[in-house]
Amino acid sequence: MKPSSRRKFMIAAGAGTAAGLAGGFWWWNRPRLEHAGLPPVRDPAFPNPLPLPGSDGMFGVLDVAGTVAIAAKSARHAMLPGKPARMLAYEVQHEGRKLLNPVLRVRAGATLRANLWNTLDEATIIHWHGLKVDANNDGHPHYAIAGGRTYDYQYTVLNRAATYWYHPHAHGTTGKQLYLGLASLFIVEDDEELALQRALDLRVGVSDIPLMIQDKDFDVSGTPAYAPDAEQRASGYFGREVLINLAPRPYFDAATRIYRFRILNGSNARIYRLAFRSGERLLDYRVIATDGGLLDRPYRTKEVFLSSGERVEVLLDLRAAREGDTVWLTSRAFDPMHQETGPGAHPGHGAAPDPQPQAGEHGMAHHGAAPAPQSAAQSGSLPDGAAVDLLRINVAAKVRYDRPVPATLAEIVPLDAKQGASRKFLLQREQGQWRINGLTFRMMETPIVVRRGATEIWEIRNSERSMPHPMHIHGFQFQMLSRSGSPEQQRQLAVNAQGLASADLGWKDTVLVWPGETVRLALDFTHPFNGDQVYLFHCHNLEHSDEGMMINIKVLA
Ligand code: C2O
Ligand code: CU
Ligand code: CU
């Protein structure tokens, strides 16, 4: 070897080492491009970058340890591009950063102080959806504070790691305030969760992507318009634009690796039938977590139903994709089962019944259409159950990624409810109102009284002449035992003999109950708090709960 070539070789080796190190840091910051491809194709029908949680601004991530001051206020934000308009948001000022609707991230076991300042001209209160806290900290409507007032929360995070969320809960205005913008995620982390993040190189906002799905209508100024008429209060309020993280028709540039999506249905009433598709082909993905955190293992599926208030976390494996490929997160057509007037009956606000939706029927409900402002009265133009694409995922970079999906995720100890008392609930519309066992909400009445520490089986039956109701309980997570009488579109997703779908497994706080269906849940009313605790059991169709499809539950001291 001539000296000159040897010298070259050493320089090359040195450069290689340096590049390797730099590559390591580069990898840490963002997916490394293997070769610079063409810029990703921009689809004029999906022109808006998906808002990702960063360190400030809308959905900025705030690691909470100690105290956080949250103001509920009117803010200016362009949900429709180029149309900055008024909305409501939670604002946090923290070390010179201003965050709106911050994604709050906490360690399991941490003690948190949250100070809510209501600068609105009406009452509000924050409810921490899914958290096991005492009644004083739960945000029950009884604790709603008037404009100008403050409310102090202090609690220890007893929950396991999961994607929880927070939103307003003043009685009668929850639907409106949430629709106008008040809502965000509350991510709890623990050791099991951090192990998964390390195993798959997951980082929030980069490869671990929160998706808050909401449908809204806007007035001409770009302000979300909430004005349900009597029929919309009975069916729920449906918007024509489906937004993710408050952006309509978003796209996301992805690399050839595994992504985690933490999907929250933050819509007032709309249900989504979530699938990933490439062209007309539905892709396999893995359900890894539900409302209360990781499942025992990943479950392969092609679709899940997600109703208002529910969360599902999924892994999408793009390793086999090629640069330039497009993958869509879509909501497939389904029978919305608005059959209040009898099975099979479909009043005007429902989509046409479609018992066997085809993969090819991806509704082009708003593809290519300009985001034309429109009034709430036209909201029927994207009927409940209509197919609609939600997110365009552009495979824009090739990366090396060889992390295997773990075979197991967490330990789920089944609740032993065999000796437990069982309670029956019937969901039905009577005398012009949705009711739970014939009851509607009375602030000071507690029709359900539970013994502390009791394990109970709840059997929730939805009448045939009904519509789907996502039923939610405060203060406790439950395990689903069975679904029966399910419509075919639900039954075909069953992964066990009890009729449960993958999205029904693990720990849950909200469950979708279809007309004619009965679901059975196991609940453990053990808690460490002093005194009687009053929580809520309600439908998370927010027009339904605002109209009173909600009852108090007292857990005795
Ligand atoms: Cu997310 Cu009582 O609600
Ligand atoms: Cu809740
Ligand atoms: Cu309901």
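Chemist: Please explain the overall build of the protein as it appears in this structure.
Modeler: Broken down by element type, the protein carries seven helices and 35 strands. Looking at the protein residue by residue over its 557 residues, the buried ones come to 59%. Considering only intrachain contacts with a sequence separation of at least 6, the fraction spanning at least 24 residues in the protein is 80%. Working note: accessible area of the protein is about 21,400 Å², and carbon and sulfur atoms make up 53% of it.

Chemist: Help me understand the coordination of the copper ion (ligand 2) in this model?
Modeler: Geometry reference: four tetrahedral donors at a metal, ideal angle 109.5 degrees. Six octahedral donors, ideal angles 90 or 180 degrees. Around the copper ion (ligand 2), the donor atoms from the protein are H127 (NE2) and H472 (NE2), and they sit 1.8 Å away. Residue H127 is located in strand β9 (residues 126-129), and its partner H472 is located in strand β30 (residues 469-473); the two are separated by 345 residues in the primary sequence. Classification of H127 as buried rests on a relative accessible area of 1%. With relative accessibility at 0%, the residue H472 sits in the buried group.

Chemist: What is the right way to read the coordination of the copper ion (ligand 3) from this model?
Modeler: Coordination sphere of the copper ion (ligand 3), protein contribution only: H469 (ND1), C539 (SG) and H544 (ND1), at 2.0 to 2.1 Å. In the primary sequence, the donor residues of the copper ion (ligand 3) line up as H-x69-C-x4-H. Highlighted residues: H469 in strand β30 and C539 in strand β34 (residues 533-539), separated in sequence by 70 residues. Both residues of the pair, H469 and C539, count as buried.

Chemist: Looking at this structure, how should I read the nonpolar core?
Modeler: In globular proteins that are soluble, nonpolar side chains generally tend to be buried together. Within the largest apolar cluster, 82 residues are counted, with the highest numbers of intra-cluster contacts made by F261, L274, F276, I393, W458, M471 and F537. No other element matches strand β25 (residues 388-397), which puts six residues into this core. Each residue touching F261, except ones within four places of it in the same chain, is listed here: I209, L211, F252, F276, V312, E313, V314, L316 and I393. Counting residues in each nonpolar core, the second largest holds 34 residues, with V64, W128, L131 and Y166 among its members.

Chemist: I keep staring at the pattern of salt bridges and nothing clicks. Help me out?
Modeler: For side chains bearing opposite charge, pairing can occur when the charged atoms are close. Under the criterion given, the structure shown has 37 salt bridges. The residue R270 makes a salt bridge to D215 at a minimum N-O spacing of 2.9 Å. With R270 in the loop between β17 (258-265) and β18 (272-278) and D215 in strand β13 (residues 208-216), this pair connects stretches of sequence that are 55 residues apart. The exposure classification of R270 matches that of D215, with both residues buried. Among the ionic pairs, E303 bridges to R273, the shortest N-O distance being 3.0 Å.

Chemist: What is the right way to look at the environment of F441 in this model?
Modeler: By the element assignment, F441 lies in the loop between β27 (433-436) and β28 (448-450). Judged by its relative accessible area of 10%, F441 is buried. Taking the C-alpha atoms as reference, F441 lies 8.3 Å from E547; in sequence the two are 106 residues apart.

Chemist: Explain the sheet that holds strand β7 (residues 103-107) to me, please; I cannot follow it from the model alone.
Modeler: Through backbone hydrogen bonds, the strands of a sheet pair up, either in parallel or in antiparallel fashion. Strands sit in the order β3-β7-β12-β11-β9 across an open sheet of five strands; the sheet is mixed. Each edge of the sheet is formed by a strand with only one pairing partner; in this case those strands are β3 (61-63) and β9. Between one strand axis and the next, the sheet turns through 25 degrees on average, direction left out of account. In this structure, β9 lies alongside strand β11 (residues 162-168), joined through four bridges in antiparallel fashion. Within the sheet, the bridge partner assigned to H127 lies in β11 and is H167.

Chemist: Looking at this structure, how should I read unusual backbone geometry?
Modeler: Leave glycine aside and you will find that most residues have negative phi; peptide bonds, for their part, are mostly trans. The backbone phi angle of E95 is positive, close to 45 degrees, even though this residue is not glycine. By the element assignment, E95 lies in the loop between β5 (85-94) and β6 (97-100). Here E95 falls in the exposed class, since its relative accessible area comes to 70%.

Chemist: Looking at this structure, I do not really get the packing of aromatic side chains. What am I missing?
Modeler: Two descriptors summarise a pair of aromatic rings, namely the distance from one centre to the other and the angle between the planes of the rings. Considering all chains together, one arrives at 25 aromatic pairs under this definition. Ring centres of Y179 and Y226 lie 5.1 Å apart, and the angle between their planes is 50 degrees; on these two criteria the pair is classed as tilted. Residue Y179 is found in helix α3 (residues 174-179), and its partner Y226 is found in the loop between β13 and α5 (230-235); the two are separated by 47 residues along the sequence. According to the relative accessible area criterion, Y179 is buried, its value standing at 0%. Where F476 meets F525, the ring centres are 4.9 Å apart and the plane angle is 65 degrees; that geometry is what we call edge-to-face.

Chemist: What is the right way to look at the environment of H129 in this model?
Modeler: Structurally, H129 can be placed in strand β9. Using a relative accessible area of 0% as the deciding quantity, one classes H129 as buried. Expressed as a C-alpha distance, the spacing of H129 and H169, which sit 40 residues apart in the sequence, is 9.9 Å. When near neighbours in sequence (up to four residues on either side) are disregarded, H129 contacts Y164, W165, Y166, H167, G309, R311, H472, D509, T510 and H540. At a separation of 3.3 Å, a polar atom in the side chain of H129 contacts the side chain of H540.

Chemist: Quick question: what am I supposed to make of the pairing of β27 here?
Modeler: For a regular strand, side chains alternate in direction, first toward one face of the sheet and then toward the other. Both strand β26 (residues 421-430) and β27 contribute to a ladder of four bridges, which runs antiparallel. Along β27, the bridge assignment pairs Q428 with R435. Turn length for the β26-β27 hairpin, with the two strands adjacent in sequence and antiparallel, is two residues, and the turn residue Q431 shows positive phi of about 45 degrees.

Chemist: I would appreciate a short explanation of the sheet that holds β34 in the present structure.
Modeler: If you walk across this open sheet you meet the five strands as β28-β35-β34-β30-β32, and the pairing is mixed. Every interior strand has two partners, whereas the edge strands, β28 and β32 (510-513), have only one. Adjacent strand axes in the sheet meet at a mean angle of 25 degrees when their direction is disregarded. As judged from the six bridges shared by β34 and strand β35 (residues 550-555), these two strands associate in the antiparallel manner. Its bridge partner lying in β35, F537 is registered against I551.

About the cut-offs
Residues numbered from 1 in each chain as written. Chains lettered and ligands numbered in written order. Predicted model: local features only at pLDDT ≥ 70, side-chain atom pairs only at ≥ 80, totals over all residues. Heavy atoms only, no water. Helix = DSSP H or I, 4+ residues; strand = E, 2+ residues; numbered from the N terminus. Buried < 20%, exposed > 50% of the residue type's maximum accessible area, 1.4 Å probe, protein only. Contact = heavy atoms within 4.5 Å. Areas by Shrake-Rupley, 256 points an atom, 1.4 Å probe, with all protein chains shown as cover. Donors = N, O, S within 2.8 Å, 3.2 Å for Na, K, Ca; no water. Core = buried A, V, L, I, M, F, W, Y, C linked by side-chain atoms within 4.5 Å. Salt bridge = Lys/Arg side-chain N within 4 Å of Asp/Glu carboxyl O. Pairing = 2+ DSSP bridges. Axes fitted to C-alpha atoms, helices over the stretch in contact; angles between N-to-C directions. Phe/Tyr/Trp six-rings, centres within 6.5 Å; stacked < 30°, edge-to-face > 60°. Polar contact = N/O pair within 3.5 Å; in protein donor to acceptor, adjacent residues only side chain to side chain.

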